Amino acid sequence: MIEQLLKQYPLVSDQVDKKELRLVLQALERALENTSLGEIVEFGCYAGTTSLFISRILQAQKVPRQFHVYDSFEGLPEKRVEDQSSVGEMFRPGELSVSKKQFIQNYKKAGLLLPQIHKGWFENFSADDVPKKIALAFLDGDYYNSIKKSLCLIESRLVPGAIIVVDDYTSEALPGVARAVDEWLLTYPHKIRVEYSLAIIS
Ligand SMILES: C[S@@+](CC[C@H](N)C(=O)[O-])C[C@H]1O[C@@H](n2cnc3c(N)ncnc32)[C@H](O)[C@@H]1O
């Protein structure tokens, strides 16, 4: 089904390519097989490129799992020292800003049911904003603090067999991502596999 969807539908932004998207969707299918319950979360949904495909899989398979997306819809926050990179200077506060309205329009255009949309800075979300059980978490917040906070919000909610996928783990321009993941793994040891730019943690 993944190949058919990738062939049939366009990507609505350049924030993910087909190779990465395929890996995220394969992780989703595996997480759904591994678990009998648990919801799906995406931290950093932007225009919804990955979200739309996640929704297509969930709706095509008639999987009764809720899907939650989180974003400031105001783009990136300030960098911290952990994010500094001479090749990452294009990432500035407010970069990658897409409105919630645009995200919803992309869903309407695709004829898909909306996920639960949580608008705000990850740092301001609390445990109450996150599902009690999570089967798949896709973390695409680009920066040290954004990834750290997403991991902190989900870590106690992962069901056995859950998978975390983190984008930009190998990105030279976004060094804070690997730093946040590696620090988290010291406290929460998990298996990690790296493919293209993704860390796949199970
Ligand atoms: C690379 S884009 C996400 C791309 C998206 N997953 C896709 O598939 O197209 C990063 C997103 O993370 C959001 N973001 C980053 N840090 C954030 C934070 N601390 N709080 C809220 N949103 C954040 C930005 O607003 C941006 O939309």
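Residues numbered from 1 in each chain as written. Predicted model: local features only at pLDDT ≥ 70, side-chain atom pairs only at ≥ 80, totals over all residues. Heavy atoms only, no water.

**Notes on the packing of aromatic side chains**
For clarity, the threshold we go by: Each pair of aromatic rings taken from Phe, Tyr and Trp, with Trp reduced to its six-membered ring, is defined by centres within 6.5 Å and is described as stacked if the planes are under 30 degrees apart, edge-to-face if over 60, and tilted in the remaining cases. Helix and strand assignments come from DSSP, with helices taken as H or I runs of at least 4 residues and strands as E runs of at least 2, each series counted from the N terminus. Three exposure classes are used, based on accessible area relative to the maximum for each residue type with a 1.4 Å probe and protein chains only: buried under 20%, partly exposed in between, and exposed over 50%.
Summed over the entire model, instances satisfying the criterion amount to six aromatic pairs. Geometrically, the ring pair formed by F43 and F122 is edge-to-face, given 5.3 Å between the ring centres and 85° between the ring planes. Linking F43 in strand β1 (residues 39-43) with F122 in the loop between β3 (116-119) and β4 (134-139), this pair joins segments that are 79 residues apart in sequence. For F43, a relative accessible area of 0% corresponds to the buried category. Among the residues examined, F122 registers a relative accessible area of 7% and is labelled buried. Both rings, one in F73 and one in F103, keep their centres 5.9 Å apart while their planes meet at 65°; by these two values the pair is edge-to-face. Pair noted here: F73 is in the loop between β2 (67-71) and α4 (100-110) and F103 is in helix α4, with a separation of 30 residues, a long-range link. With respect to class, F73 is no different from F103; both count as buried. Grouping aromatic residues by their ring pairs yields a cluster made of F43, Y70, F122 and F125.

**Digging into the site of the ligand**
Our working definition: Proximity is defined per residue: any heavy atom of the residue falling within 4 Å of a molecule or strand makes that residue near it. A 3.5 Å cut-off defines polar contacts: any pair of N or O atoms within that distance qualifies, except that in protein one atom must be a possible hydrogen donor and the other a possible acceptor, and neighbouring residues in sequence count only when both atoms are side-chain atoms. Per-residue accessibility takes into account occlusion by the displayed protein chains alone, with areas from the Shrake-Rupley method and a 1.4 Å probe. Each residue is assigned to one class: nonpolar for Ala, Val, Leu, Ile, Met, Phe, Trp, Tyr, Cys and Pro, charged for Asp, Glu, Lys and Arg, and polar for all the others, Gly among them.
What surrounds the ligand is a group of 24 residues, the closest being G44, T50, D71, D140 and S146. Taking G44, its main chain carries an N or O atom lying 2.7 Å from a nitrogen atom of the ligand. Note that a nitrogen atom of the ligand is positioned 3.1 Å from one of the backbone N or O atoms of S72. For the ligand, the accessible surface in isolation is 600 Å², of which the surrounding protein chains cover 100%. Looking at the shell around the ligand residue by residue, the class counts come to nine nonpolar, ten polar and five charged.

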